[in-house]
Amino acid sequence: WAGHGSTRTKPARTIFISNCPKTFRDELERRICREEGFLGVRGVRSMLFVDFDTVKDATNAMVKYQNMEAGERQFLIVDYDKDPAEKRAQAVERKRAVEERQRHNVLFCAQCGAECLRLYLASGGKWDELPKRRTDGSTVVKASEQLESAALIDGDLKAIRREKGIERQYRQQCPTCKVDVAYTPTPPGSAVELM
């Protein structure tokens with residue numbers, strides 16, 4: 001393509017952008033992510049690969065960004081990517097998986113490594129940012145809003161003497177090694193609001 005209006009490269013859902021200086025890269029990524037059919041962008045050295053939903057979406061973006069000024073006497077060169085579709089799909093899937101992991105916090109048992117809790121923390125929230133109890137430093141999870149799934153089994157009832165009286169903790173255990181992982185203030189079988 002190289003700005004001449006024709007290309008020998010087979011049309012694809014991914015476009016390849018070169019001649020993009022580092023100083024313009026962030027601005028270009030911000031612009032291109034708003035394009036119709038945009039799926040993802042990945043950078044490799046001084047190049048960008050941009051994935052789209054359809055060949056038509058990729059072609060429209062290619063035409064739009066071809067020869068765009070990217071700095072003093074520097075212009076973008078845009079063409080279809082030559083890599084096979086399987087490679088592009090793997091890169092997009094990896095990016096989606098990373099984004100999914102960022103939205104969902106998975107907690108594993110420290111003893112055996114089994115998955116115990118899967119939390120949904122909105123707006124990129126992190127486990128360390130959740131509120132802590134003053135009495136014992138435990139992290140508080142609002143089950144109705146943040147608990148996506150729990151692979152736990154009921155454990156023992158533990159009564160703890162506090163300044164204001166007796167606190168009842170209904171323990172929840174790892175199903176694999178039976179180590180206490182969490183506790184609730186309500187007995188098993190009742191609605192859990194906090195964990």
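To be clear, the structure that these remarks concern was listed above.
Structural notes, computed from the coordinates. (Residues numbered from 1 in each chain as written. Predicted model: local features only at pLDDT ≥ 70, side-chain atom pairs only at ≥ 80, totals over all residues. Heavy atoms only, no water.)

Among the residues making up helix H2 (residues 55–65), those that are buried are Asp 57, Ala 58, Ala 61, Met 62 and Tyr 65. The buried side chains of H2 occupy one side of the element, clustering within an arc of 135 degrees when seen end-on. Looking one or two residues beyond H2, the residue adopting positive phi is Asn 67, at roughly 65 degrees. (Buried < 20%, exposed > 50% of the residue type's maximum accessible area, 1.4 Å probe, protein only. Helix = DSSP H or I, 4+ residues; strand = E, 2+ residues; numbered from the N terminus. Arc of directions from axis to C-beta.)

With that settled, consider the nonpolar core. Residues Ile 15, Ile 17, Leu 28, Tyr 65 and Leu 76 are the most contacted members of the largest nonpolar core, which totals 20 residues. Elements with a minimum of two residues in this core: strand S1 (14–18), helix H1 (22–32), strand S3 (47–52), H2 and strand S6 (77–80). Considering every element that reaches this core, the biggest residue donor is H2, with four residues. Sequence-distant contacts of Tyr 65, defined by excluding residues within four places in its chain, comprise Leu 28, Arg 31, Ile 32, Glu 35, Leu 76 and Val 78. The next biggest cluster of nonpolar side chains, apart from the first, holds twelve residues, and it includes Cys 109, Val 141, Leu 152 and Ala 182. (Core = buried A, V, L, I, M, F, W, Y, C linked by side-chain atoms within 4.5 Å. Contact = heavy atoms within 4.5 Å.)

A complete count under the given rule lists two aromatic pairs for this structure. On the numbers, 5.4 Å between centres and 50 degrees between planes, the contact of Phe 16 with Phe 49 is tilted. Placement of the pair is Phe 16 in strand S1 and Phe 49 in strand S3, with a sequence separation of 33 residues. Classification of Phe 16 by relative accessible area gives partly exposed; the value is 22%. Ring centres of Phe 38 and Phe 52 lie 6.4 Å apart, and the angle between their planes is 80 degrees; this geometry places the pair in the edge-to-face category. Taken together, the positions of Phe 38 in strand S2 (residues 38–44) and Phe 52 in strand S3 put the pair 14 residues apart, joining distant regions of the chain. Accessibility expressed as a relative area gives 1% for Phe 52, which makes it buried. (Phe/Tyr/Trp six-rings, centres within 6.5 Å; stacked < 30°, edge-to-face > 60°.)

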